[in-house]
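Listed below are the residues making up each chain.
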Amino acid sequence: MKRTIRNYILTKQEVFVGLEDSKRKWVLCVRSGGVVAHETTMPADYDNLRNYFHNKFPDCQINVIYEAGFRGFGLYDQIVADGWNCVVTPAHRVMEEKCNRKKNDRFDSRRLAKNLENGDYKSCAIPSKTLREDRQVSRLYGQIQRDIVRSCNRIRRMLEFHGIDQHFPPGRWTRREYRQLPLSLEKIGISPALQVSFSLLINEIEYLWSLKKEALLKLKDLAKSERYSESVNILKSAPGIGILTAIRLTLEWGDLRRFKRKENFASFLGLVPSEYSTGESTRRGRITKEGNPAVRSWLIESAWVAIRKDGVLNEKYQLIRQRTGSKKKAIVAVARKLALKLRALLLNKELYQIGVVS
């Protein structure tokens, strides 16, 4: 008589899977009916995960949650393509007991699975694959700019380290001054070894400048493309926003219809005050700084220009500056107001109108 060995754990049930993601392995906790049904560890390969679900949970309604991290949304795309539900949650928004003093991959996967089953989670908005890939150009542009600053700082520090900085002008240098550096060093008469070191750094900066130019051209092409041109033109109509900032904001913000209220959008930007209140005590602090810090930086840079051209924004800046005595707080408030106005214009497909104080 043949005996059939049951391969599955559950069938035709709704299961909730907490997946703790790392580079080489995935730790899973599966819950169903309020209890842990199974826990396992497997190599971080999607074929393993697919086979695990098919073999252990046939005909089940599978729901997966994992924290946003280095792997991006590729895993989400694969899970959804196979017909299962998936939630990507911000790591800093995962619900956790205050008294919990244990943390490892197994505990994290259990917490994720329990939060998913109970509905105690926040989910990331998943951009389309096209938007994610286009956005990468903007982020690479920023990375290249940071590399340029780092290389320039290396040159300036090297001049100081070898005691020859007094032969060069202080303050910020232009590209021309960096390019003329090898010739200036020859006139000073430094050693061949030191000359080679400076030349290599100058070559590195030249290469980075060429990469930055290539990325900028691609961003301008994206700004003129059919899928982004309307939003870019609306943003460009605002004071202080050019084509580069307009396309980068468009790529970072995506579809603004997902923000039902303007307060949600301000929170997404990290331009709302933090709060530490309990009982009858109310205390508000600095802005939360959630979200992409580069976006806040672009908005604040634009706000400095906007207050010189828009009377309404300038009035708000002066009012908050007089009340708080802080230029920084005033310009952050203007940046928030500008961002909310841009959101309304994008939703209504209207161009910016300069405000006039009567």
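Residues numbered from 1 in each chain as written. Predicted model: local features only at pLDDT ≥ 70, side-chain atom pairs only at ≥ 80, totals over all residues. Heavy atoms only, no water.

Looking at the overall build of the chain
What counts here: Think of it this way: any DSSP run of H or I at least four residues long counts as a helix, any run of E at least two long counts as a strand, and we number them from the N terminus. In this setup the radius of gyration rests on C-alpha atoms only. A globule is expected at 2.2 Å times the number of residues raised to 0.38. Any two residues whose heavy atoms approach within 4.5 Å are treated as being in contact. In this description, accessible areas are obtained by the Shrake-Rupley approach with a 1.4 Å probe, and a residue is regarded as covered only by the protein chains that are shown.
Looking only at helices and strands, one finds 13 helices and seven strands in the chain. Here the chain has a C-alpha radius of gyration of 27 Å; the compact-globule value for 358 residues is 21 Å, and the former is much larger. Taken along its principal axes, the extent of the C-alpha atoms in the chain is 95 × 65 × 50 Å. Of all intrachain contacts in the chain linking residues separated by at least 6 positions in sequence, the fraction that spans at least 24 positions is 59%. Of the roughly 21800 Å² that the chain leaves accessible, carbon and sulfur atoms contribute 49%.

Concerning the pairing of strand 3 (residues 35–43)
The condition that has to hold: Any two strands are treated as partners once DSSP identifies two or more bridges connecting them.
Two elements, strand 2 (residues 25–32) and strand 3, share eight bridges in a ladder whose sense is antiparallel. Bridged to V30 within strand 3 is H38.

Here's the deal with the sheet that holds strand 4 (residues 61–67)
Stated formally: Axes here refer to lines fitted to C-alpha atoms; in helices the fit is confined to the stretch in contact. Angles between the N-to-C directions go from 0 to 180 degrees.
The strand order across the open sheet built from five strands is 3-2-1-4-5, with neighbouring strands paired in mixed fashion. Whereas interior strands pair on both sides, the edge strands pair on one side only; in this sheet they are strand 3 and strand 5 (85–89). Recorded for the sheet is a direction-independent mean angle of 20 degrees between the axes of neighbouring strands. Contacting strand 1 (14–21), strand 2, strand 4 and strand 5, helix 2 (residues 74–81) crosses the sheet at an angle of about 165 degrees to strand 5.

With respect to the state of the cysteines
Put simply, the test is: Pairs of cysteine sulfur atoms within 2.5 Å are identified as disulfides in what follows. The buried label applies to any residue whose accessible area, calculated with a 1.4 Å probe on protein chains only, is under 20% of its type's maximum; exposed applies above 50%, and partly exposed to all values in between.
The tally for this structure, following the rule as stated, stands at zero disulfides. Of all cysteine sulfurs in the structure, the one in C29 sits closest to C60, which takes part in no disulfide; the separation is 15 Å. For C60, a relative accessible area of 10% gives the class buried. Sulfur of C86: no disulfide; nearest cysteine sulfur belongs to C124 and is 10 Å away. The class for C86 is buried, based on a relative accessible area of 12%.

Here we look at the side chain of R248
The criterion, for reference: Just so you know, the count uses Lys and Arg for positive and Asp and Glu for negative, and it drops His and the chain ends. When a carboxyl oxygen of Asp or Glu lies within 4 Å of a side-chain nitrogen of Lys or Arg, that pair is called a salt bridge.
Relative to the assigned elements, R248 resides in helix 9 (residues 243–253). Despite its burial, R248 pairs with no opposite charge, the nearest such side chain being E252 at 6.5 Å. Look past the residues within four positions of R248 in its chain and what remains in contact with it is S138, Y141, G142 and W298.

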